[in-house]
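# Geometric and topological summary
The residues making up each chain are set out below.
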Amino acid sequence: MIKLILQRLALAFLTLATVCVLVFGVTEALPGDVCTAFLGRDAQGTRLENCRQQRNLDQPALQRFATWSAGVFQGDLGTSLKRDKPINDLVANRMRNTAALGLGAALIGIPMAILLGVLAALRRDRTPDMVISGGSIFAMTIPEFVTATLLIYIFAIQLQWFPAITTVRHSAPLSELIPNIILPMVTLALVMMAHILRMVRSSMIDVMASDFVQMARLKGVPYWRIVFIHALPSAMLPAINIIALTIAWLLGGVVIIEQVFNYPGIGTLMIRAIYDRDLPLVQAIALILAAVYVLCNLLADLASLALNPRLRSAR
Amino acid sequence: MHNSILHVQDFSLGYRNRAGDLVSVLRHINLEIRQGESIGLVGESGCGKSTLALAMMAFLRGGSEVISGQIDFHGGNLFTLSSAKLASLRGGKVGLIPQNAGQSLTPTMKIEAQLTEALRLHSNVPSKQWRQRAIELLQQVRLPAPEAMLARYPHQLSGGQQQRVAIAMALAGNPELLVLDEPTTGLDVTTQAHILELLRSLRLEMGMTMVFVSHDLGAVARISDRIAVMYAGEIIELGRCADVLRTPAHPYTQSLLRAIPRLDAKGLPPSLAGYPPKVGSVTQGCAFAARCQHATGQCQQDAQLLPHKEQWVRCHHVGQLPASNTVVSHLVPPTKQNADTLLDIRELQISYHKPGFFEQLRNRPAPVATVDDIDLTLKQGQTLALVGESGSGKSTIMKAISGIQTPSQGQIQLQQADLNQPVEKRDRQLKRKVQMIFQNPDASLNPRHTVLEILQQPLRLYFGLNNTECRQRAAELLQLVRLAPHYLDRMPGQLSGGEKQRVAIARCFAGDPELVLCDEVTSALDVSVQAAVLKLLKELQQEKGVTYLFIAHDLAVVKALADEVAVLYQGRLCQVGSVEAVFGGYQHPYTCALLNAVLQPDPDHAPQLCGDDTAEQHPPAQGCAYQRRCTLAEPRCRQATPPWQQVGGNRIRCHLSLDELSSRNGMPMLIDAANF
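Residues numbered from 1 in each chain as written. Chains lettered and ligands numbered in written order. Predicted model: local features only at pLDDT ≥ 70, side-chain atom pairs only at ≥ 80, totals over all residues. Heavy atoms only, no water.

## Focus: the overall build of chain B
Tallying secondary structure elements over chain B gives 24 helices and 24 strands in all. A globule of 676 residues ought to have a C-alpha radius of gyration of about 26 Å, and chain B, at 26 Å, matches this closely. Dimensions of chain B, computed from C-alpha atoms along their principal axes, come out at roughly 75 × 65 × 50 Å. For chain B, the proportion of its 676 residues judged to be buried stands at 57%. Taking all contacts inside chain B whose residues are at least 6 apart in sequence as the whole, residues at least 24 apart take part in 69%. (Helix = DSSP H or I, 4+ residues; strand = E, 2+ residues; numbered from the N terminus. Rg over C-alpha atoms; globule rule 2.2 N^0.38 Å. Buried < 20%, exposed > 50% of the residue type's maximum accessible area, 1.4 Å probe, protein only. Contact = heavy atoms within 4.5 Å.)

## With respect to a nonpolar patch on the surface
All names here are of chain A. A surface patch of nonpolar side chains, about 610 Å² in accessible area, is lined by L150, Y153, I154, I157, L159 and W161. Note on placement: I157 falls in helix 7 (residues 144-158). Here I157 falls in the partly exposed class, since its relative accessible area comes to 46%. (Patch = residues over 30% accessible without salt bridge, like charges linked within 9 Å, V, L, I, M, F, W, Y side chains within 5 Å. Areas by Shrake-Rupley, 256 points an atom, 1.4 Å probe, with all protein chains shown as cover. Salt bridge = Lys/Arg side-chain N within 4 Å of Asp/Glu carboxyl O.)

## Considering the domain arrangement of chain A
Residue and element names in this part refer to chain A. Here chain A is described as being made up of domain 1 (2-73) and domain 2 (90-312). For domain 1 versus domain 2, the separation of C-alpha centres amounts to 32 Å. On the domain 2 side, the residues contacting the 19 residues of domain 1 number 15 residues. Of the roughly 1500 Å² buried where domain 1 meets domain 2, counting both sides, 79% is carbon and sulfur surface. By the criterion of area lost to domain 2, the three top residues of domain 1 are R8, L16 and T27, representing 28% of everything that side buries. Applying the counting rule to domain 1 against domain 2 returns 1 salt bridge. Its salt-bridge partner being R8, residue D301 comes within 2.9 Å of it at the nearest N-O pair. Of all the secondary structure elements, the ones that give two or more residues to the side of domain 1 that touches domain 2 are helix 1 (2-29), helix 2 (34-39) and helix 4 (61-73). The class makeup of the residues in the side of domain 1 that touches domain 2 is 14 nonpolar, 3 polar and 2 charged. (Domains from an automatic or database assignment. Buried area = accessible area lost by both parts, 1.4 Å probe. Nonpolar A, V, L, I, M, F, W, Y, C, P; charged D, E, K, R; others polar.)

## Remarks on the sheet that holds strand 1 (residues 4-16) of chain B
Residues and elements named next belong to chain B. Spatially, 4 strands are ordered 2-1-4-5 in an open sheet, and the strand pairing comes out antiparallel. Sheet topology places strand 2 (22-34) and strand 5 (76-77) at the edges, where each strand pairs with a single neighbour. The pairing of strand 1 with strand 2 spans 9 bridges and is classified as antiparallel. In the sheet register, V8 faces strand 2, and the bridge partner there is L31. (Pairing = 2+ DSSP bridges.)

## A short note on helix 7 (residues 159-171) of chain B
The terminal C-alpha atoms of helix 7 of chain B lie 19 Å apart, and with 13 residues this matches the ideal 18 Å at 1.5 Å per residue to within 8%. Summarising burial for helix 7 of chain B: 12 of the 13 residues are buried, a large majority. (Expected span 1.5 Å × (residues − 1).)

## Focus on the UniProt feature "domain: ABC transporter" (unreviewed entry) in chain B
The UniProt feature table records "domain: ABC transporter" (unreviewed entry) at residues 6-257 and 345-595 of chain B. Annotated as 38% helix and 27% strand, the span residues 6-257 of chain B places its first and last C-alpha atoms 28 Å apart. (UniProt positions renumbered as here; feature names shortened; annotations may be inferred.)

## Comments concerning the packing of aromatic side chains
Residues and elements named next belong to chain B. Per the counting criterion, the structure on display carries 9 aromatic pairs over all chains. With a centroid separation of 4.4 Å and an interplanar angle of 50 degrees, the aromatic rings of Y231 and Y252 are classed as tilted. Separated by 21 residues along the polypeptide, Y231 in strand 9 (residues 226-231) and Y252 in helix 11 (residues 251-259) bring together distant segments of the chain. This pair shows no difference in class: Y231 is buried, exactly as Y252 is. Seen in terms of ring centroids, Y569 and Y626 are 4.9 Å apart; in terms of plane orientation they differ by 80 degrees. Their pairing is edge-to-face. (Phe/Tyr/Trp six-rings, centres within 6.5 Å; stacked < 30°, edge-to-face > 60°.)

## A short note on the UniProt feature "transmembrane region" (unreviewed entry) in chain A
The UniProt record marks residues 99-122, 134-157, 177-197, 239-261 and 281-307 of chain A with the feature "transmembrane region" (unreviewed entry), using the residue numbering of this structure. With 100% helix and 0% strand, the stretch residues 239-261 of chain A has end C-alpha atoms that lie 30 Å from each other.

## Regarding the pattern of salt bridges
The final tally for this structure, using the stated rule, is 31 salt bridges over all chains. The salt bridge partner of R203 of chain B is D225 of chain B, with a shortest N-O separation of 2.8 Å. One end of the pair, R203 of chain B, is in helix 8 (residues 189-206); the other, D225 of chain B, is in the loop between helix 9 (217-223) and strand 9, with 22 residues separating them in the sequence. Assessed through its relative accessible area of 17%, R203 of chain B is described here as buried. The salt bridge partner of R240 of chain B is E310 of chain B, with a shortest N-O separation of 3.5 Å. Here R240 of chain B is found in strand 10 (residues 234-240), whereas its partner E310 of chain B is found in the loop between strand 11 (305-308) and strand 12 (311-314), with 70 residues between them in sequence. Owing to a relative accessible area of 46%, R240 of chain B belongs among the partly exposed residues under this scheme. Linked by salt bridges that have partners in common, K219 and R225 of chain A together with E117 of chain B make up one network.

This is the structure in structure tokens:
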């Protein structure tokens, strides 16, 4: 069990190291750098060289990679080329904002999705199932920026309950973000729920037809207890991986949704960094997102272990 | 009248098919179960026995509805109870012991949680004593180390242990009526005998009423006072256990009893023509008429269940039939004595363990091989049966021969060809020579291919036939397995179990094989169909001269079909010899334990339990493989690998001398229930 966790951790570390190399390599392979982006198309001659020298860009790529990765190892993500500030400072607040958004969406979305999925499974092919399944297919098919725009139209423009876009600075305390965070959070939660819900529904239908559920019924176990104690843990097993994948998707979705709502999170920062060819910043954000992704999968594996005694005692 | 506990009155049950027609599964069942009585419901698959048993707990499978009648428990109709009353009855006064305990225990809950749940719901044991009571229950079902058992999950137990836990769970509610739905199906012979003895002794101790559902008349004979034989949703014969088994009155019961292979008979049992009808296909007249040799025009009308001597029988001709005789002359086909060796296995060792990188570095000793030290020869045109409990390595050896699992040591040779190479590396001719028939035709036939497409594949692959040739040859193959040519365009889903297995046999013979590996080929089939399939296999062998390597858990089937028997325990050979020698001559203690555990459809036959039924995880590192369970084990059995002893064609691997074996095996140590 502990051996298994250590193995997974080592694997996660290896994945992150690979991500480091890949991210550095890909950004390096792109034509142009921060100086050409900064100085414009006609950047040449001494101005360009000075700019490059200032930012150590004249050093060989390998050497830069070594310095950078050594910094990452010590928790220093480097310095933004465009903004001339430590990346750690730039990222900290925005990371907090995005985490609040993502966690909020997950905390609302996942339990709701599980409950609705179970409800749809138990009322299979009847009205509640039709409504829930139909709704989830609808939420799955339309892209998240359309959902976002739709929500803005209804709740911000028509009803005027929430602001349409965020105008607060990234460093504002969380409490000031609260009215702004609601709409992006709902958008994220909606799309995420659809996938999880459908998975929970189908695996719950399978489990409710299994021998041990029939046995629990014939043992006189009350209905709600059969559903939540006997059936749900087994039904959650296939759903957990979907949840992990969905959260991973959420990381990509967050970039788009933050952009739509002008939310001061890591996604908006990343898009700006790409515009600016601010390679260290892009690298740092890509690495953070990859780390979150790996962490989610690790948590999903651990959750499967917790739910499935077969996996736990296999070795 | 007398104190009846459960009364089934004119009970009919059915479901609506897609067309909206009512398909009846049970038709006008009348059955009264008295307090303390044990009644056996027997019949073949689809006869409605499990449906009836579950209806006794007011449980209907999805979509089913009661068409007529009712089932009373202590005088109250079960189907009018409120759901709360029903919930307290189920698992309480009426307990269920399910067919497949492994799948019926919730996989994510520990044994303790599942037992205390039953106690909480159905007993007034205070919560502080739940754990204590759970331990008592596990002791009552004779599980070793009950406290450790509580902390385990179902998958950590063996099949027999899971079944015992399921029994303990039913006992937790202090049931008056116990419904047992095929409780021993799928278990090893020895485990089955142990579970049946446990149920018998529980019945004597607690005076419980039991409804025992089984397709196995041998198991029913051990437990039941009365037997109800079911066919196509009706009870066709009802009477005292001994009467029904000794003097069956209904033609179906008679032919069913005859079709069961027996240890004390020679050769193949006579088979029953045809197949059991599909659920709901019979609506009028005697359901058995189509397969009955005594059928007349009168049988087109419904027959009533009427008393005949001591029994109740549903047959127009009861009493006019020739006197039934269960001891019948079994068919004994002549066996060819061909001296050429076809398959030669030398010092075969198979290990599933592959040392990892770190293990190689640390130079750890590899775990004991799954299968080791197998020497077998198989002569052309003969049948060798591998017998042993689950986990004894039978299937592993078959996998090695078929090339799915590469042996780690030793030699397998088919005439001059080397069978050590994996199946991908064998040439087409060698592949053709070794064919396989699987246990479950539902799983081994592609459900989306027609029978023709299924048979075409080997014909194209091995003989390169074109379409018209294929069709012609496929029709011949169907004829070979006694199926009409119009089956060519059917899908497996449209065939019955027996027909599907015939198609699987036809596919196997399409390659014109020399060695056929038969993996439990009849265990998924009903008894009445099994006899016909065994007969077919025997006839094909005589016609084509093929050699069979046969795996079966049913020793009576082995006796009927095989020429040679190899007894395996934990991947090691215990005994090899001719059928006559193994079943009737000197026996290895394990052979003896297996044979003594066999159930017979005979009210006077009691299995004898030698040793316990603990399932072992790994074979011992040294000494005799069977040392841990052997009742005759001595210190030397734990240290040295026993030598082979040979008498005629009979090889036994045991430290004890043949004389010691014959004198001590004669009195197997009976496990006395009271000693626990």
